[in-house]
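Examination of the molecular architecture
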Amino acid sequence: MLDHVGLTVSDFAKARAFYDAALKPLGVAVVMEVTPEMTGGGSHAGYGSDGKPYFWIGTGSSPGHVHLALAAPDRASVDAFYAAAMAAGGVDNGPPGVRAEYHPNYYGAFVLDPDGHNIEAVCHTV
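Please read all numbers here as calculations on a predicted model, not as lab measurements.

Moving on, we come to the layout of surface pockets. Considering only enclosed or pocket space, the largest pocket measures out at about 220 Å³ in volume. Looking at the largest pocket, the residues that line it are L2, D3, H4, V5, L26, V28, Y54, F55, L68, A69, L70 and A71. Residue assignment for the lining of the largest pocket shows that the elements contributing at least two residues are β4 (52–58) and β5 (67–71). Tallying contributions element by element places β5 first for the lining of the largest pocket, with 4 residues. Looking at the lining of the largest pocket residue by residue, the class counts come to 10 nonpolar, 1 polar and 1 charged.

Listed below in structure tokens is the structure:
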């Protein structure tokens, strides 16, 4: 069971703007910030809901690209995530749609963030 996940980003302001917009349709927003003054050098933002950060972005050395799938409550939220992410500068990596090769109700959308991370929103119900 995961508690939280973090991605290293090359441009914190650009990544923050992207994730602020892309995650809003999923009901996810910044709930905690850690400043360079607090860390001695890095900037970090923790996204979540109900006050708990479970997805973090921060500056540092990048270990490579990752795939992160975020749960969406319904298909409309997947569509809204994709539209918001694209409007915020994301790159299409698979538009919203059923991915029957995973299972008959798998509805997902994939975008590449400003650092090339593959970010997905997925709904598993009809």
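In this structure, D50 takes a positive phi of about 55° despite not being glycine. Of note, D50 is situated in the loop between β3 (44–49) and β4.

The first and last C-alpha atoms of helix α3 (residues 75–87) sit 18 Å apart over 13 residues, in line with the 18 Å expected at 1.5 Å per residue. The secondary structure elements touched by the buried residues of α3 are α1 (12–23), β6 (91–92), β8 (107–112) and β9 (118–123). Of the residues that open α3, the one with a side-chain oxygen 3.3 Å from the backbone nitrogen of A76 is D74. Once α3 ends, the next one or two residues include G89, with phi positive near 105°.

With that settled, the discussion passes to the packing of aromatic side chains. The description of an aromatic ring pair uses the distance of the two centres, along with the angle that the planes make with each other. Counted under the stated rule, the structure contains 5 aromatic pairs. With centroids separated by 5.0 Å and ring planes inclined at 85°, the aromatic side chains of F18 and Y19 adopt a geometry described as edge-to-face. Neither F18 nor Y19 differs from the other in exposure class; each is buried. When the ring of Y47 is compared with that of F55, the centres are 6.0 Å apart and the planes differ by 40°; the resulting orientation is tilted. The residues Y47 and F55 share a single accessibility class, namely buried. Ring-pair connections join several aromatic residues into one group, and the members of that group are F18, Y19, Y47 and F55.

To continue, consider the packing of α1 against α3. Put simply, α1 and α3 touch, their axes get as near as 7 Å, and they point 155° apart. Taken as axis vectors, α1 and α3 run roughly antiparallel relative to one another. In terms of crossing hand, the pair formed by α1 and α3 is right-handed. Here F18, A21 and A22 of α1 lie close against α3, whose contacting residues are F81, A84 and A85.

Turning to the pattern of salt bridges, a few remarks are in order. Counted by the stated rule, this structure contains 3 salt bridges. For K52, the salt bridge is made with D3, and the minimal N-O distance between the two is 3.2 Å. Remark: D3 occurs in the segment before β1 (5–8) and K52 occurs in strand β4; sequence separation between them is 49 residues. For K52, a relative accessible area of 35% translates into the label partly exposed. In this structure, E33 engages R16 in a salt bridge whose closest nitrogen and oxygen atoms are separated by 3.1 Å. In this pair, E33 sits in strand β2 (residues 29–34) while R16 sits in helix α1, placing the two residues 17 residues apart along the sequence.

Scoring rules and cut-offs
Residues numbered from 1 in each chain as written. Predicted model: local features only at pLDDT ≥ 70, side-chain atom pairs only at ≥ 80, totals over all residues. Heavy atoms only, no water. 1 Å grid on protein atoms, 1.4 Å probe; cavity = no way out; pocket = protein on both sides within 12 Å on 5 of 7 lines; lining within 4 Å. Points joined across faces, edges and corners; volume = space filled by probe spheres on them. Helix = DSSP H or I, 4+ residues; strand = E, 2+ residues; numbered from the N terminus. Nonpolar A, V, L, I, M, F, W, Y, C, P; charged D, E, K, R; others polar. Expected span 1.5 Å × (residues − 1). Contact = heavy atoms within 4.5 Å. Polar contact = N/O pair within 3.5 Å; in protein donor to acceptor, adjacent residues only side chain to side chain. Phe/Tyr/Trp six-rings, centres within 6.5 Å; stacked < 30°, edge-to-face > 60°. Buried < 20%, exposed > 50% of the residue type's maximum accessible area, 1.4 Å probe, protein only. Axes fitted to C-alpha atoms, helices over the stretch in contact; angles between N-to-C directions. Parallel < 35°, antiparallel > 145°, perpendicular 65-115°, else oblique. Left-handed = near helix turned anticlockwise from the far one by under 90°. Salt bridge = Lys/Arg side-chain N within 4 Å of Asp/Glu carboxyl O.

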